[in-house]
Each structure stands twice: as structure tokens, then as C-alpha cells.
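One letter stands for each residue in the lines below.
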Amino acid sequence: MAEGLDVASADRTVLAAEHDREARFDAALLQVRAVVAGETDAVALQATLACVLWDVLAQASWCGFYRRVGEAELAVGPYQGTLGCLRIPFARGVCGAAARTGATQRVPDVHAFPGHIACDARSRSEVVVPVRDAAGVVRAVLDVDSAFADAFSEGEARRLESLVAEVFARDGVVW
Ligand code: SME
């Protein structure tokens, strides 16, 4: 495990087919579960998921977490990729929409999303999944961005939702 996940190396310069991307995710899932098993610290879990999902989601240009701080603001958490915005108000961007509504935002074309925040001008599509604690409170969002248009399938979004629920919506996670 010292060298990370045992997944086939992927070409990050092309967008793989939807079916192949979903198969790659499924093939890595047992390893991802094993890596986080037994850990209860939310930041350790976020840092580890950011790292392993960066490996799995080869189409990503940014992959990580924004944490809820205060009533209606997000602050950046552990991530991989290019420099991210440090703060995002709930009122703004795809991340803000996910935190505000509690619903996953799958955005095939960020230029068509009102209020999209371009931390990286190359970003073309993204998926943002709310991260809830065991009580159902939105504590963070998982944000994955891509320089490819329409880079995240419905199937990938559902897989990310399941993984995030499995890892964070558990009793014992320390936020
Ligand atoms: N695109 C996001 C902002 C976060 S970053 O790009 C890392 C948004 O509109 O919420």
C-alpha cells in the first residue's frame, strides 16, 4: 500500500469511456474501504479519500473537500490538484449549491452553471457531493473537477455518494 492503490495506471490526458471509468471505480472500491477502515478522524478520512480518489478518477484536475465553517460558508480542506479557492460562501458556485441544498450537483458544463466559481480556468465539468455526518447534517462537500466536458457520469456520482455516506455518516467520526 506504500505506493498507493493497486490500480492500472491511467492516461490523464484523455477522457476514458464512461463504462471504463465506472469499472475502474468498482475495481478500486475494496482497497479504498480497506485504507480508511477503522479511522474516525474526519480530516484523516478526507485527506485519504482525496488521495485515493485522485488515483481512481483519472479525469480529475481537482479532487477534495470543502468543510462547512459557520452558518453559510465553506473553507477548503484536504485536496489534490491545482490551487483551489480558500473560501466559498453557500450562495456561490457548485460547491455552495451542494452545501445549501444538500443535493449532489453533477455539472457537465460549468459555463452553463450560474455562479460557477472558476478557481482554475481550465475546469469544464464537475461533480459535488454533500458530506453528511451520522445525524444527517451537511458537514462538508466532496468536489471533483475536470478539464474535460461531461467527465462525470450519473453512475460515478452515485458511487461517490455511496462511498461518502459509508465513510462519514457513521457514529464515531470526529469532526
Ligand atoms: N468549481 C467550484 C469551486 C471550487 S474549485 O474549482 C476547486 C464551484 O463552483 O463550486
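In what follows, the accompanying structure is described. (Residues numbered from 1 in each chain as written. Predicted model: local features only at pLDDT ≥ 70, side-chain atom pairs only at ≥ 80, totals over all residues.)

**Remarks on the overall build of the chain**
A count of helices and strands for the chain gives four helices and six strands. Overall, the chain shows an N-to-C arrangement of helices and strands of α-α-β-β-β-α-β-β-β-α. On C-alpha atoms alone, the chain measures out to a radius of gyration of 15 Å, which is about the 16 Å that the 2.2 N^0.38 rule sets for 175 residues. Principal axes of the C-alpha set define a box for the chain whose edges measure 40 × 40 × 25 Å. Here the chain holds 175 residues, and the buried ones make up 36% of them. Restricting the contact set of the chain to residue pairs at least 6 apart, pairs at least 24 apart contribute 55%. (Helix = DSSP H or I, 4+ residues; strand = E, 2+ residues; numbered from the N terminus. Rg over C-alpha atoms; globule rule 2.2 N^0.38 Å. Buried ≥ 20, exposed ≤ 12 C-beta atoms within 10 Å, placed from the backbone. Contact = placed C-beta atoms within 7 Å.)

**A few points about the site of the ligand**
What surrounds the ligand is a group of 15 residues, the closest being G84, G93, C95, I117 and C119. Broken down by secondary-structure element, the contributors of at least two residues to the shell around the ligand are α3 (93-101) and β6 (138-146). Broken down by element, the residue count for the shell around the ligand peaks at three residues, all from α3. In terms of residue class, the shell around the ligand is built from seven nonpolar, four polar and four charged. (Near = placed C-beta within 6 Å. Nonpolar A, V, L, I, M, F, W, Y, C, P; charged D, E, K, R; others polar.)

**Brief notes about helix α1 (residues 18-36)**
Given a rise of 1.5 Å per residue, 19 residues ought to cover 27 Å, and the 26 Å separating the end C-alpha atoms of α1 matches this to within 8%. Restricting attention to buried positions, one finds in α1 the residues R21, F25, A28 and V32. The elements touched by buried residues of α1 are α2 (42-56) and α4 (154-168). One or two steps after α1, the chain reaches G38, where phi turns positive at roughly 85°. (Expected span 1.5 Å × (residues − 1).)

**Quick notes on α4**
Between its first and last C-alpha, α4 extends 21 Å over 15 residues, near the 21 Å set by a 1.5 Å rise per residue. Packing partners of the buried residues in α4 comprise α1, α2, β5 (125-132) and β6.

**Notes on the pairing of β6**
Burial of β6 is extensive: seven of the nine residues sit out of reach of the surface. With seven bridges connecting them, strand β1 (residues 60-68) and β6 associate as antiparallel partners. Among the inter-strand pairings, R67 is bridged to a residue of β6, identified as A140. Both β5 and β6 contribute to a ladder of eight bridges, which runs antiparallel. Directly across from P130, in β6, lies its bridge partner V141. Counting the residues in the hairpin turn of β5 and β6 gives five residues, including G136, whose phi is positive at 90°. (Pairing = 2+ DSSP bridges.)

**Focus: the packing of α1 against α2**
For the pair α1 and α2, interaxial distance at closest approach is 11 Å and the crossing angle is 155°. Looking at the two axes, α1 sits roughly antiparallel to α2. By crossing handedness, the relation of α1 to α2 is classed as right-handed. Between α1 and α2, the residues in contact are R24, F25, A28, V32, V35 and V36 and L45, T48, L49, V52 and V56, respectively. When the residues that make up the contact of α1 with α2 are grouped by side-chain class, the tally is nine nonpolar, one polar and one charged. (Axes fitted to C-alpha atoms, helices over the stretch in contact; angles between N-to-C directions. Parallel < 35°, antiparallel > 145°, perpendicular 65-115°, else oblique. Left-handed = near helix turned anticlockwise from the far one by under 90°.)

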